[in-house]
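# Structural overview for review
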Amino acid sequence: YMAIPATLFLLPIAMLWEKKVPGEWPTVLGKSHMSDFEILGEVWVLNQWTVFYIFLSGIFSFMYNIVQFSIVHTLSPSATAFGGNFNKA
């Protein structure tokens, strides 16, 4: 329920706030300060497959969160607590 407000809050920051470009990238991109949206556009120009993999990882992350949410809500609280502490022992 917080995804849309968080997106709307962070979108102007990602689109407008210019940050220093690290490393040797200013020589490749031709600018020393860029916003996240400008960097994404330059990545699209350099290699479109990279942007495809970024969006594909977002889809996989969304699917993982749906599966995890459904498992947590299906199991009993004690089984969920046991599963959460399984790797800690």
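Note: the structure precedes this text.
Residues numbered from 1 in each chain as written. Predicted model: local features only at pLDDT ≥ 70, side-chain atom pairs only at ≥ 80, totals over all residues. Heavy atoms only, no water.

So, about the packing of aromatic side chains. A complete count under the given rule lists three aromatic pairs for this structure. Arranged with centres 5.3 Å apart and planes meeting at 90°, the rings of W49 and F52 form a pair that is edge-to-face. A residue pair is termed a helical-turn pair when its members lie 3 or 4 positions apart in one helix, as W49 and F52 do in helix α4 (residues 48-74) at three residues. With 6.1 Å between their ring centres and 35° between their planes, W49 and Y53 make a pair best called tilted. Of this pair, W49 and Y53 are both found in helix α4, four residues apart, which corresponds to roughly one turn of the helix. Here W49 and Y53 have matching classes, each one exposed. Following the ring pairs from residue to residue traces out a cluster consisting of W49, F52 and Y53. (Phe/Tyr/Trp six-rings, centres within 6.5 Å; stacked < 30°, edge-to-face > 60°. Helix = DSSP H or I, 4+ residues; strand = E, 2+ residues; numbered from the N terminus. Buried < 20%, exposed > 50% of the residue type's maximum accessible area, 1.4 Å probe, protein only.)

With that settled, the discussion passes to helix α1 (residues 3-16). Structurally, the α-helix is built with 3.6 residues per turn, so residues lying three or four positions apart point the same way. Taking 1.5 Å of rise per residue, 14 residues should cover 20 Å, and α1 covers 20 Å from first to last C-alpha, within 8% of that figure. Its axis deflected by about 35° at L10, α1 carries its strongest bend there, up to four residues before the proline P12. (Expected span 1.5 Å × (residues − 1). Bend = angle between axes of the 7 residues up to and from the residue.)

Turning our eyes to something else, we now look at a nonpolar patch on the surface. A cluster of nonpolar residues, I59, F60, F62, M63 and I66, forms a patch on the protein surface that exposes about 530 Å² of accessible area. Residue position: M63 is located in helix α4. The partly exposed category is assigned to M63, whose relative accessible area is 43%. (Patch = residues over 30% accessible without salt bridge, like charges linked within 9 Å, V, L, I, M, F, W, Y side chains within 5 Å. Areas by Shrake-Rupley, 256 points an atom, 1.4 Å probe, with all protein chains shown as cover. Salt bridge = Lys/Arg side-chain N within 4 Å of Asp/Glu carboxyl O.)

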